Structures are given as structure tokens and as C-alpha cells.
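Letter by letter, the chains look like this.
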Amino acid sequence: MSGEQHPTSSNQGGLKVRQNLPVDGQDLKDLIEAALVWLKTNQQTVNALNVFPVPDGDTGTNMVLTMQAAYNEIVNSGEKNVGRMAHSVAQGALMGARGNSGVILSQLWRGFARAMDNLETMDAAILVNALVEGRKTAYKGVVRPVEGTILTVAKDMATAAEDAIQHTQDLLEMLEIVVDAADRSVKHTPELLPVLKSAGVVDSGGKGLFYILEGMLRYCKEQSLDTPLATVQPLALMNIENSMEEIEPGQDYEVVVDFKPYTPLDLDRFYNDLSQIGTSIQIGEGDGMYRMHIHVEKDKRDDPLKYTETLGTITKVSMENLLAQLEENRGGVVSRLSFTPVEPGQIAVIAVSPGLGISRIFASLGVTGIVEGGQTMNPSTEDIINAFENLPTDKVVILPNNKNIVLAAQTASGLTVKKVAVIPSQSVPQGLSAMLRLAPDGAFDDVVREMSDALQDVETGEITTATRSVELNGVSVQKGQVIALHNGKLVYSASSLEEACLGLLARAHTTERERITLFYGANLDKHEVNRLADKIRNGYPGQELEVHEGGQPHYQFIISIE
Amino acid sequence: MSEATNPLGTILISHRAIATIAYQAALLSYGVVGLAPKNLAEGLAQVLVKDPMLGVDIQYDGHDLLINLYIIVEYGTRIKSVASSVVDNVRYMVEKAIGVPVTEINIHVRGLRVSNTD
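Please read all numbers here as calculations on a predicted model, not as lab measurements.

## Description of the overall build of chain A
Logical step 1: A count of helical and extended segments in chain A gives 21 helices and 17 strands.
Logical step 2: Considering only contacts in chain A between residues 6 or more positions apart, those separated by 24 or more positions represent 68%.

Quick look at the structure:
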């Protein structure tokens with residue numbers, strides 16, 4: 001946030017609070033903006049605290065997004081009425097609520113707004129009402145409130161305000177009392193929630209709420225909102241790995257220095273000096289040791305070290321090039337299917353696969369490459385050649401896995417100087433069965449023979465929807481019915497998936513086989529798959545049933561019976 | 001039954017046990033004010049006996065653990081956010097307790113409870 005976007009430019013609202021004048025809608029807007037800016041400034045501090053209930057480290061981010069949504073709702077509003085302004089804030093927070101703490105925050109705003117319904121201005125007494133109403137609303141949203149969380153902090157704030165209104169009507173003083181209560185409440189959270197205590201932290205949501213109130217107070221006191229105060233975390237809890245995600249341009253190096261200071265450390269000065277060197281500063285403390293973490297430019301990578309040396313004895317230094325690491329990580333995400341690399345002289349297998357799930361299974365069985373294709377999307381001869389032409393081996397096996405692709409595969413094998421064999425697998429189960437017999441270092445002809453023989457080991461069932469009415473092999477089919485194909489031949493038609501699957505299994509030699517594998521297609525409801533699997537399991541208790549996501553289009557199920 | 005086998009033997013965890021964990025985790029989630037019967041039969045049974053797995057449905061096929069939750073949400077909260085934090089919460093608690101990854105959690109919002117209207 002740059003300086004001119006700050007509400008401090010005019011500080012109209014802050015001035016009114018200082019002079020204890022009634023606050024109107026526009027002043028409230030300034031206060032909200034200040035809260036947002038201060039929360040943003042301390043976002044990482046809040047994130048670093050997150051241990052409960054899901055340690056995903058994003059409470060600060062969620063709260064910032066919620067407050068941002070609230071502020072966006074009012075940013076262009078000229079509303080003077082404080083009640084209507086508060087309702088807009090609540091509305092924005094509701095729509096933008098993210099995460100547990102965001103939802104609770106939006107409820108606090110909702111109660112806050114309700115207390116100010118249609119009031120022109122807010123004074124100390126109304127602020128107290130609003131905090132109390134916020135607490136009530138927030139507590140209604142949960143059956144079993146967990147104490148030691150943001151809820152507790154909201155409660156303690158409201159209670160402190162209720163007590164204080166007996167002896168002060170001053171708005172600024174009231175705000176100070178509330179912020180102080182929030183601070184104490186946050187510090188007390190580990191006593192209420194053991195999980196916080198064992199992690200050595202305070203509650204993250206509560207801390208976020210504290211920053212929101214403190215931001216308003218700092219604004220009223222004309223204190224800076226964009227430099228975080230020096231905060232020290234327990235050493236064990238410094239979440240340094242997470243900081244990878246937010247590398248600022250130019251800040252390529254991460255430097256972490258452990259040191260023992262000669263004299264007690266002046267944290268604010270230390271923090272300020274560090275912020276001259278780099279960004280993403282974190283300081284950890286434990287047992288008289290300090291750990292500092294900073295992101296710096298390449299040229300400045302030695303500076304944190306030199307600086308820390310002036311303060312104490314350095315015990316350990318680590319330095320990493322973040323940019324290089326980040327690029328490495330990105331590379332890993334792209335190739336999510338990991339194929340088995342082939343060595344010169346080995347046999348490479350190229351499989352045609354109709355869906356991602358099936359591709360994964362082929363990849364796990366050791367294929368070198370996948371060509372996407374299936375029933376209505378036959379790959380071209382060129383696609384197939386491209387898949388193996390650049391491999392560092394001259395022995396290639398192709399598994400077309402579909403009757404209609406066998407021909408294209410055979411054509412491809414004639415167009416290359418490499419030694420290519422097409423195993424005429426007509427279905428995915430046949431292809432998988434052949435893969436199990438692959439010996440990459442074996443004699444080419446033997447391996448091809450073995451793999452071809454394996455095609456007989458398995459029966460294939462396919463379940464799909466009829467696209468036209470037909471009578472074939474003595475089975476009459478209406479358009480739209482579910483049909484079952486056994487080894488490519490139409491054997492059964494039915495009105496439901498379940499009936500078709502069971503009908504198919506009855507017609508195959510299922511009881512003589514050992515294992516049934518279901519590959520379910522894209523867009524199929526997982527529950528339906530599970531229900532069906534249960535039915536099959538009951539019907540064939542002697543056979544092992546496996547269910548995999550195939551991801552193929554058109555066919556609801558491809559079934560392998562072996 | 002969910003199971004884990006190691007060389008020493010087999011651990012079986014009943015659906016009911018998992019459902020109880022999920023139920024507690026759901027109730028601890030902010031915005032959830034209760035769970036609802038999955039169907040009429042369960043609704044009737046609930047009148048007779050308090051069931052610790054009301055509104056929770058567990059399916060396990062040896063591979064995938066599926067949890068369906070039927071919840072009542074406080075009126076005035078953002079339902080989408082509440083639902084996703086229930087998912088996070090339940091997944092975390094169940095996985096932590098039984099050590100089996102949860103494949104899928106589906107949230108069915110069966111109703112809203114209105115305490116206040118604005």
C-alpha cells in the first residue's frame with residue numbers, strides 16, 4: 001500500500017474520534033480502511049500463527065480478503081448515515097467471507113450493523129452496543145463455541161466495553177480500552193486452547209481481529225499503518241518454507257541467520273535496519289538464540305550476514321536461491337504423468353489411452369508414452385509416430401487399445417525405420433494385461449509374443465449408451481438404452497447402468513475368473529459407481545473387485561475380467 | 001469397515017466410529033448449527049434414540065473413503081464458506097484420527113436456522 005491511499009491523508013474520521021465528536025458514515029469508512037490496511041500489513045504475522053483447526057496458514061489472508069470485500073462494498077459510497085454504512089460493510093463482509101475466521105468476522109460485522117440500524121452517527125455508547133451485538137450474533141453461529149479463538153476475543157472486547165461505558169463516554173478512550181482488552185484476550189488464548197499452548201502460539205483469528213481494531217486506533221492516533229511492528233515468533237514455529245510463495249520481484253535470495261546477540265536485542269531497531277536490506281522479514285526467538293529470515297536481492301545477499309555480525313555471534317547461516325527453486329517446482333507440476341524413461345536398446349511401449357485415469361494407470365505400469373485417443377477420437381498415424389520417433393531406442397511396441405486404431409498403428413509402424421510391433425489390443429483391459437508382461441530388456445520378438453498372448457488372458461466389458469435403435473446378435477436395443485459389449489460384441493441391453501453391468505458379468509465367464517476391475521468414465525457420479533461396486537461385490541464374492549477412475553468419454557464403464 | 005493391515009494384524013474401524021468423529025468435527029465448525037436426518041427413516045429413529053452419527057453417511061469401498069454430511073446452517077452466514085470450512089475441518093479431524101485419507105466429502109445443506117433477520 002502506498003502512502004496516498006491511506007485514510008491518514010485527511011484523517012477526518014480520526015480527528016473526530018480524538019475530539020469525541022459523533023462519527024458518521026464517511027468517518028466509519030475511514031476507520032474500516034485503516035483496519036484493512038493495518039490487517040494487510042500484519043497478514044503474514046497472522047498466517048504464521050495458524051495451527052487450528054486446519055494448519056494451512058491462511059487465516060490472515062482469509063481475514064484480509066473478507067475485510068477487503070467489506071471495504072470494496074463501501075469504497076465509492078458517499079453515505080453519511082453510519083447505520084446504512086455499517087450495513088454495507090456487513091453485506092460486503094458476508095459476500096466475501098472466506099474461511100472460518102472470515103465467516104465469524106462477517107457475523108461480527110452483521111451484529112455491529114444491526115446495533116446501528118439507521119442511526120445517523122455513532123458515539124461511545126453505540127460502539128459498545130455494536131460490539132455487544134456483534135458478540136451475540138457471532139456466538140449464534142455455532143453450537144459448540146470453542147473458547148480460545150476469535151469468538152473469545154470478540155466476547156472479551158464486548159465485556160470490557162460494557163464495563164468501561166460506566167465511567168467513560170470518550171470514544172477514543174473506549175477504543176483504547178477495547179484494543180487493550182483484545183490484546184490481553186489474544187495473549188490469554190493459549191490458556192484456553194491446549195493446541196495453541198503446545199504449539200507456543202496465540203490464536204490467529206483472534207490476533208487478526210485485534211489488528212482490525214488496533215488499525216482503527218492507530219489511525220485515530222495518526223500512527224503509521226504500513227510498517228509492521230517487530231514481532232518475534234517462537235523459534236520452533238517459524239514457517240519459513242511457506243514464504244516461498246511470495247517472492248517479490250528482484251528478491252531472489254533467502255537468507256536465514258541464527259545468532260546469539262552480545263547485548264539484549266533492540267527489536268524495533270533490528271527490524272527497521274533489516275527492512276532497509278530486504279523484505280519478508282521474520283524473526284524467531286528461543287533460548288537466547290535468534291533466527292532472522294529475510295529475502296534480499298542477489299547483490300545484497302551478504303548484507304544480512306555482515307549486519308548480524310555486528311550484533312552477535314553467528315551460529316548458522318543458510319542461503320538459498322529462491323528463483324531457481326521456484327522454476328524447478330514449476331517444471332515438476334507440468335509433467336504430472338511420470339513416464340518410465342527408456343534407455344537405448346530397451347523396448348519402449350506407446351499406449352493409446354481414452355482418458356486421464358487410464359493414462360495414469362498405463363504410466364504406472366511403465367509405458368514410455370501415451371497417445372490420447374479412443375472410440376470417437378482416433379489418433380492419426382502421425383500422432384502415433386510422433387510419440388516414439390524421438391525416443392532413444394529403436395524397439396517400439398504400440399498398444400492401440402481400440403479396434404479402430406489398430407490400423408493406424410500398423411500404418412505408423414510401416415513409416416519408420418525403427419523396429420515397431422503393434423500388439424493388436426482391442427480394448428484398454430487387453431492393453432493393460434499386455435503391459436503386465438512387458439520386459440523392457442528382453443528379446444524383442446519374445447516380448448512381443450508374450451504380450452500378444454496376454455491379450456487372451458482378459459475379457460473386456462464395455463458399458464455405453466446406444467446412440468440408435470438396432471437389433472444385433474439377437475439383442476434388440478432402443479436408442480438411449482444402456483448397452484453392454486463383451487469383447488466388442490453387443491450382448492445385453494438394459495434401462496439402467498446397474499442392470500447392464502450385472503447382465504454383462506453374467507454373460508462373461510466371471511465366476512471362473514479372479515478379478516474384476518471397473519474403470520469408470522468421465523462425468524460419472526462417484527456415488528453411483530460405489531453403489532454399483534457394492535452390488536457387484538455382493539454378486540461375486542469370490543472375485544476381487546477393483547475400481548479405478550478411467551476418465552474415458554462415451555463409455556460409462558470399461559470392465560476388465562481376468 | 002475401513003481397514004489397515006500391517007504384518008502384525010489388521011485394524012478395523014467401523015463406519016460408526018468414523019461418523020462420530022465427522023459429526024463432532026462438523027458441530028465444531030463455525031456456522032453449522034446442527035445436523036439433519038438423511039432421510040425420513042432416520043428422522044423417525046432420531047425421535048426414539050439420539051444417534052451420534054445423525055446426518056453423517058460414510059462409504060468405504062476398500063480404496064476411497066466418502067463422507068456425506070447433512071447440515072443446518074445459521075441464517076446470515078455465507079453458506080459456501082461455511083460448507084468449505086466444514087469440509088476442511090472434517091477432513092482434518094478424520095484423517096488425523098484414523099490415518100486414512102478421505103477421498104471425498106459432500107456437504108448437503110438441509111436447512112437454515114434463523115435467529116435474527118436484518
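After that view, the rundown keeps rolling.
## Observations concerning the overall build of chain B
Logical step 1: The helix and strand inventory of chain B stands at three helices and six strands.
Logical step 2: In chain B, the order of α-helices and β-strands from amino to carboxyl end is β-β-α-β-α-β-β-α-β.
Logical step 3: Within chain B, contacts between residues at least 6 apart in sequence are counted, and of these 68% link residues at least 24 apart.

## Describing the sheet that holds strand β9 (residues 419–422) of chain A
All names here are of chain A.
Logical step 1: As summarised here, the arrangement of the four strands in space is β7-β6-β8-β9, forming an open sheet in which the pairing is parallel. Of all strands in the sheet, those with a lone pairing partner are β7 (369–372) and β9, marking the two edges. When strand polarity is set aside, the average angle formed by the axes of neighbouring strands in this sheet is 20 degrees.
Logical step 2: Pairing geometry for strand β6 (residues 347–353) and strand β8 (residues 395–399), over five bridges, is parallel. Considered in β8, the bridge of isoleucine 347 is made with lysine 395.
Logical step 3: Packed onto the sheet, helix α16 (residues 381–389) meets β6, β7 and β8 and runs at close to 165 degrees relative to β7.

## Digging into the pairing of strand β10 (residues 459–465) of chain A
Successive residues of a regular strand alternate their side chains across the two faces of the sheet.
Residues and elements named next belong to chain A.
Logical step 1: Burial runs high along β10: five of the seven residues are buried.
Logical step 2: Pairing of β10 with strand β17 (residues 555–561) involves six bridges; the strand directions are antiparallel. Each residue of the ladder has a partner; that of threonine 460, found in β17, is serine 560.
Logical step 3: Summarising the sheet, β10 and strand β13 (residues 482–486) pair through five bridges and their orientation is antiparallel. Within β13, the residue paired with glycine 461 across the bridge is histidine 486.

## Brief notes about the confidence of the model for chain A
Any region with low pLDDT has predicted coordinates that should not be read closely.
Logical step 1: In this model, chain A carries a mean pLDDT of 83, and residues with pLDDT of at least 70 account for 89%.
Logical step 2: Scored below 50 in pLDDT, residues 241–246 of chain A shows five contacts in the model against residues more than four places distant or in partner chains.

## A look at the interface of chain B and chain A
Logical step 1: Across the boundary between the two partners, chain B contributes 25 residues, which contact 26 residues of chain A.
Logical step 2: Of all elements in the fold, only α1 (15–28), β3 (32–35), β5 (65–74) and α3 (79–98) of chain B reach the threshold of two or more residues within the side of chain B that touches chain A.
Logical step 3: Of the residues forming the side of chain B that touches chain A, the biggest block, six residues, is contributed by α3 of chain B.

## Some remarks on the confidence of the model for chain B
Logical step 1: Mean pLDDT over chain B stands at 84; residues scoring 70 or higher make up 82%.
Logical step 2: Two summary scores accompany this predicted model of the complex, namely pTM at 0.54 and ipTM at 0.78.

## Concerning α16 of chain A
Logical step 1: Among the residues of α16 of chain A, those classed as buried are Ile384, Ile385, Ala387 and Phe388 of chain A. Taken down its axis, α16 of chain A places every buried residue within 155 degrees of arc, on the same side.

## Remarks on the environment of arginine 98 of chain A
Logical step 1: Here arginine 98 of chain A is to be found in the loop between α5 (82–96) and α6 (99–115).
Logical step 2: For the pair arginine 98 of chain A and threonine 66 of chain A, spaced 32 residues apart in the sequence, the C-alpha separation amounts to 6.1 Å.
Logical step 3: Not counting the four nearest positions on each side in its chain, arginine 98 of chain A is found in contact with Asn62, Leu65 and Thr66 of chain A together with Ser81 of chain B.

## Focus: the nonpolar core
When a protein is soluble and globular, its nonpolar side chains tend to lie buried together.
Logical step 1: Membership of the largest hydrophobic core comes to 108 residues, with the highest contact counts inside it found for Val178 of chain A together with Ala22, Leu69 and Val90 of chain B.
Logical step 2: When residues no more than four places from it in sequence are discounted, the contact partners of alanine 22 of chain B are Val56, Ile67, Leu69, Val90 and Val94 of chain B.
Logical step 3: Ala412, Phe519, Ile536 and Phe557 of chain A belong to the second largest nonpolar core, which has 68 residues in total.

## Side note on the environment of valine 89 of chain A
Residue and element names in this part refer to chain A.
Logical step 1: Summarising the element assignment, valine 89 is placed in helix α5.
Logical step 2: Among the residues examined, valine 89 registers 27 C-beta atoms within 10 Å and is labelled buried.
Logical step 3: Note: C-alpha distance between valine 89 and lysine 29 (60 residues apart in sequence) is 8.7 Å.
Logical step 4: Every residue in contact with valine 89, bar those within four places of it in the chain, is listed here: Ile32, Ala70, Glu73, Ile74, Trp109 and Ala113.

## Some remarks on the sheet that holds β10 of chain A
All names here are of chain A.
Logical step 1: Taken in spatial order, the six strands of this open sheet run β14-β13-β10-β17-β15-β16, and their pairing is mixed. Where the open sheet ends on each side, the last strands, each with one partner, are β14 (489–494) and β16 (544–549). Taking the axes of each pair of neighbouring strands and ignoring which way they run, one obtains an average angle of 20 degrees across the sheet.
Logical step 2: Here helix α18 (residues 428–435) sits on the sheet in contact with β10, β15 (515–520) and β17, set at roughly 40 degrees to β17.
Logical step 3: Contacting β10, β13, β14 and β17, helix α20 (residues 497–507) runs over the sheet at an angle of about 140 degrees to β14.

## Notes on the packing of α6 of chain A against α3 of chain B
Logical step 1: Where α6 of chain A contacts α3 of chain B, the axes come no closer than 8 Å and their chain directions differ by 145 degrees. As for how α6 of chain A packs across α3 of chain B, the hand of that crossing is left-handed. Mapping the contact onto sequence places Gly99, Asn100, Gly102 and Val103 of chain A in α6 of chain A and Ser81, Val82 and Ser85 of chain B in α3 of chain B.
Logical step 2: Taken together, the residues of the contact of α6 of chain A with α3 of chain B break down into two nonpolar, five polar and no charged.

## Examining α5 of chain A
Residues and elements named next belong to chain A.
Logical step 1: With 15 residues, α5 should reach 21 Å at 1.5 Å per residue; the first-to-last C-alpha distance of 21 Å fits that figure.
Logical step 2: With respect to burial, α5 is a largely interior element, 12 of its 15 residues being buried.
Logical step 3: Every buried residue of α5 is accounted for by Val82, Gly83, Met85, Ala86, His87, Ser88, Val89, Ala90, Gly92, Ala93, Leu94 and Gly96.
Logical step 4: Contact partners of the buried residues in α5: α2 (25–41), α4 (59–74) and α6.

About the criteria used
- Residues numbered from 1 in each chain as written.
- Chains lettered and ligands numbered in written order.
- Predicted model: local features only at pLDDT ≥ 70, side-chain atom pairs only at ≥ 80, totals over all residues.
- Helix = DSSP H or I, 4+ residues; strand = E, 2+ residues; numbered from the N terminus.
- Contact = placed C-beta atoms within 7 Å.
- Pairing = 2+ DSSP bridges.
- Axes fitted to C-alpha atoms, helices over the stretch in contact; angles between N-to-C directions.
- Buried ≥ 20, exposed ≤ 12 C-beta atoms within 10 Å, placed from the backbone.
- pLDDT = per-residue confidence, 0-100.
- Arc of directions from axis to C-beta.
- Core = buried A, V, L, I, M, F, W, Y, C linked by C-beta atoms within 7 Å.
- Left-handed = near helix turned anticlockwise from the far one by under 90°.
- Nonpolar A, V, L, I, M, F, W, Y, C, P; charged D, E, K, R; others polar.
- Expected span 1.5 Å × (residues − 1).

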